[in-house]
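One letter stands for each residue in the lines below.
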Amino acid sequence: MTSRHDRLAEMGLAPVWRLRQRPSPAAEKPSARGWVELKQAVPGCTACGLHKSRTQTVFGVGDEQADWMLVGEAPGAEEDRLGEPFVGQAGKLLDNMLAAIDLKRGENVYIANVLKCRPPANRNPEADEVAKCTPFLKEQISLIKPKLIIAMGRFAAQTLLASDASIASLRGRVYRYEGVPLIVTYHPAYLLRSLPDKAKSWADLVFAKKTMQTL
Ligand code: SF4
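The structure presented is a predicted model; accordingly, all values stated were derived computationally and were not measured. (Residues numbered from 1 in each chain as written. Predicted model: local features only at pLDDT ≥ 70, side-chain atom pairs only at ≥ 80, totals over all residues. Heavy atoms only, no water.)

A. The arrangement of the pairing of strand S6 (residues 180-185) in detail. Taken across its six residues, S6 has six buried, putting it largely inside the fold. By the alternation rule, side chains of S6 split into Val 180, Leu 182 and Val 184 and Pro 181, Ile 183 and Thr 185, which are all buried. In this structure, strand S4 (residues 148-152) lies alongside S6, joined through four bridges in parallel fashion. Within the sheet, the bridge partner assigned to Ile 149 lies in S6 and is Leu 182. (Buried < 20%, exposed > 50% of the residue type's maximum accessible area, 1.4 Å probe, protein only. Helix = DSSP H or I, 4+ residues; strand = E, 2+ residues; numbered from the N terminus. Pairing = 2+ DSSP bridges.)

Here it is in structure tokens:
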């Protein structure tokens, strides 16, 4: 049986999801600072314990006026070493996913993670780390003003939608984050381990492209 939420979502009236309330002190005070100040602030951030084990922060990369913004979880070993998000095998898969919908890294696309520092041994991000780092992502989004956000993986989706729901249950609908339409799909690193979900991810990208055409 279809729930009220599902029916509303089908009619494009899904509820507006809000960011979880930030505990204080957060990583950075909310401000209307620009790219230069933000890029200077992130590398020196010590707001959570991850600063102790990072090689460097991984800020994000791409077109700062992009229509598309992709948000992942956190840097891995290669990203920590190179300072760029989505390099290595997951990065290659992401590039292929982008190409499938006629997009290219750096051209009308911006890619960032929820966390700017690598969790040791690629462990899952902790709630406190996510809460401390999310203000940076929020600032990136407000500077880019993308037309559409794709949240890749459970942590990005749950953080931006303030939800504990699974990716499987969040897929296939348009949500909003700070007024920006948002679609959920699987994280490329997960897809490398779970080939059957690649087809679902493809469907999500087609859905995202169709949604973009309406924006
Ligand atoms: Fe700061 Fe984010 Fe790195 Fe934590 S993960 S130290 S909040 S930049």
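B. Representation of the site of the ligand within the structure. With respect to spatial proximity, the complete set of residues near the ligand consists of Cys 45, Ala 47, Cys 48, Leu 50, His 51, Arg 54, Lys 116, Cys 117, Lys 132, Cys 133 and Phe 136. Spatially, the ligand is embedded in the largest cavity. For the shell around the ligand, the per-class residue count stands at seven nonpolar, one polar and three charged. (Near = heavy atom within 4 Å. 1 Å grid on protein atoms, 1.4 Å probe; cavity = no way out; pocket = protein on both sides within 12 Å on 5 of 7 lines; lining within 4 Å. Sits in = over half its atoms within 2 Å of the grid points. Nonpolar A, V, L, I, M, F, W, Y, C, P; charged D, E, K, R; others polar.)

C. Focus on the environment of Ile 141. Mapped onto the fold, Ile 141 is located in helix H5 (residues 127-144). Sequence separation between Ile 141 and Val 71 is 70 residues, and the spatial gap between their C-alpha atoms is 9.9 Å. The residues touching Ile 141, leaving out its near neighbours within four places in the chain, are Met 69, Pro 146, Ile 149, Leu 160, Tyr 177 and Val 180. (Contact = heavy atoms within 4.5 Å.)

D. Local environment of the nonpolar core. Ranked by internal contacts, the top residues of the largest apolar core, which has 55 residues, are Trp 68, Met 69, Leu 70, Ile 149, Leu 160, Leu 182 and Val 184. Per element, the largest residue contribution to this core is six residues, and it comes from H5. (Core = buried A, V, L, I, M, F, W, Y, C linked by side-chain atoms within 4.5 Å.)

E. A look at empty space enclosed by the protein. Applying the stated criterion across every chain yields a total of two cavities of 30 Å³ or more. Size it by volume and the largest cavity reaches roughly 100 Å³. Looking at the lining of the largest cavity residue by residue, the classes come out as nine nonpolar, three polar and four charged. Trp 68, Leu 70, Leu 94, Met 97, Leu 98, Ile 101, Leu 103, Ile 150, Met 152, Thr 185 and Leu 205 are the residues that line the second largest cavity. Looking at the lining of the second largest cavity, the elements with two or more residues in it are strand S2 (68-72), helix H4 (88-100) and S4. Among the elements that line the lining of the second largest cavity, the one with the most residues is H4, at three residues. Tallied by class, residues from the lining of the second largest cavity come to 10 nonpolar, one polar and no charged. (Points joined across faces, edges and corners; volume = space filled by probe spheres on them.)

F. Molecular detail of the pattern of salt bridges. What the rule picks out here adds up to 13 salt bridges. Here the salt bridges do not stand alone but share partners, grouping Glu 84, Asp 95 and Arg 105 into one network. (Salt bridge = Lys/Arg side-chain N within 4 Å of Asp/Glu carboxyl O.)

G. Representation of H5. The terminal C-alpha atoms of H5 lie 25 Å apart, and with 18 residues this matches the ideal 26 Å at 1.5 Å per residue to within 8%. The largest bend in H5 is about 35°, located at Cys 133, with the proline Pro 135 one to four residues further on. Most of H5 is tucked away, with 13 of its 18 residues classed as buried. Backbone geometry just downstream of H5 places Lys 145 in the positive-phi region, at approximately 55°. (Expected span 1.5 Å × (residues − 1). Bend = angle between axes of the 7 residues up to and from the residue.)

H. Main features of the side chain of Asp 80. Tracing the backbone shows Asp 80 in helix H3 (residues 77-82). A polar contact of 2.5 Å, which involves the side chain of Asp 80, links it to the side chain of Thr 55. In this structure Asp 80 touches Arg 54, Thr 55, Gln 56, Val 58, Pro 75 and Arg 118, once residues within four positions along its chain are discounted. (Polar contact = N/O pair within 3.5 Å; in protein donor to acceptor, adjacent residues only side chain to side chain.)

I. Representation of the environment of Glu 79 in the model. Of note, Glu 79 is situated in helix H3. Its relative accessible area of 10% is what places Glu 79 among the buried residues. For the pair Glu 79 and Gly 91, spaced 12 residues apart in sequence, the C-alpha separation works out to 9.6 Å. Beyond its immediate sequence surroundings of up to four residues, Glu 79 is in contact with Val 58, Glu 84, Pro 85, Phe 86 and Val 87. From its side chain, Glu 79 meets the backbone nitrogen of Phe 86 in a polar contact 3.4 Å long.

J. Structural view of the sheet that holds strand S5 (residues 175-177). Read across the sheet, six strands follow the order S1-S3-S2-S4-S6-S5 without closing on themselves; strand pairing throughout is mixed. Among the strands making up the open sheet, the edge pair consists of strand S1 (61-62) and S5. Judged from the three bridges that link them, S5 and S6 form a sheet pairing that is antiparallel. Looking at the pairing, Arg 176 lines up with Pro 181 of S6.

By themselves, these observations are geometric and do not establish any function.
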